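# Fold and geometry: a report
Chain residues, written in single-letter form:
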Amino acid sequence: DHEIPEDARFDHFVQAVQRVVATWSSLLREAAEVKLFPVERLTSTVNFFYTYIDTEWFSAFASELDRVVAERAGAECTANALAERGSALLEDKQHMRALQTFHEALRSSQRAESQRPAVVICLQLAELYKYLGLSHAAKYYGFASCYAALSFPDDELRELAAVGLGVACEADYVSGA
């Protein structure tokens, strides 16, 4: 009889997340002085909330966290966290936000020590573009991942070349080539 409406529950949730983010923002400022504090541990929680909270204040906090994590743990850690965030957005069918997040992940992966994140993220972008019906973009990222997998000295990347080539060929076929 006294059920709380869905909108009211969500508003309460967003307000609670705002309070948590205010605390985490203070933590990030203080973490500048405490170099041993593992700020990267916050990324999985932020990634969880990211699918629910689509606001400027939350995106700004996530960007600041990504910047601090990149400084502390490296670009590869940030790229992997962004790819995880993009995957969560895909699962929630937020394709455009996922696309933006995967592009951020790709930019971050270019500064990583390992080449694997860049190749994997290119594959994710190729698949997402293919799903969205943007065949030329799918082909571009499919070929990019294939070329990178074959060009980098890491032999374990070779197995991903066929996946990229497959996506590129499928996108090429769908576009009528």
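Residues numbered from 1 in each chain as written. Predicted model: local features only at pLDDT ≥ 70, side-chain atom pairs only at ≥ 80, totals over all residues. Heavy atoms only, no water.

### Things to note about a nonpolar patch on the surface
Together, Phe-10, Phe-48 and Tyr-52 line one region of the surface with nonpolar side chains, adding up to about 310 Å² of accessible area. Note on placement: Phe-48 falls in helix α2 (residues 43-50). With a relative accessible area of 47%, Phe-48 lands in the partly exposed category. (Patch = residues over 30% accessible without salt bridge, like charges linked within 9 Å, V, L, I, M, F, W, Y side chains within 5 Å. Areas by Shrake-Rupley, 256 points an atom, 1.4 Å probe, with all protein chains shown as cover. Salt bridge = Lys/Arg side-chain N within 4 Å of Asp/Glu carboxyl O. Helix = DSSP H or I, 4+ residues; strand = E, 2+ residues; numbered from the N terminus. Buried < 20%, exposed > 50% of the residue type's maximum accessible area, 1.4 Å probe, protein only.)

### Some points on the packing of α2 against helix α3 (residues 56-73)
Between α2 and α3, the shortest axis-to-axis distance is 11 Å and the interhelical angle comes to 155°. With respect to each other, α2 and α3 are oriented roughly antiparallel. In this structure, α2 crosses over α3, and the sense of that crossing is left-handed. Within the contact between the two elements, α2 uses Thr-43, Val-46, Phe-49 and Tyr-50 and α3 uses Phe-58, Ser-59, Phe-61, Ala-62, Leu-65 and Val-69. (Axes fitted to C-alpha atoms, helices over the stretch in contact; angles between N-to-C directions. Parallel < 35°, antiparallel > 145°, perpendicular 65-115°, else oblique. Left-handed = near helix turned anticlockwise from the far one by under 90°. Contact = heavy atoms within 4.5 Å.)

### Overview of the pattern of salt bridges
Per the counting criterion, the structure on display carries nine salt bridges. Linking Asp-66 and Arg-85 is a salt bridge whose minimum nitrogen-to-oxygen distance equals 3.0 Å. Of this pair, Asp-66 sits in helix α3 while Arg-85 sits in helix α4 (residues 75-91), and the two are 19 residues apart along the sequence. Owing to a relative accessible area of 8%, Asp-66 belongs among the buried residues under this scheme. A salt bridge links Lys-130 to Glu-127, with the shortest nitrogen-to-oxygen separation between them at 3.2 Å. Residue Lys-130 and its partner Glu-127 are both found in helix α6 (residues 116-131); the two are separated by three residues, about one turn of the helix.

### Regarding the side chain of Ser-109
Tracing the backbone shows Ser-109 in helix α5 (residues 95-109). The class for Ser-109 is buried, based on a relative accessible area of 2%. Here Ser-109 is in contact with Ala-79, Ser-114, Pro-117, Ala-118 and Ile-121, once residues within four sequence places are set aside.

### Some details on unusual backbone geometry
One non-glycine residue, Lys-93, lies in the positive phi region at around 60°. For Lys-93, the position within the fold is in the loop between α4 and α5.

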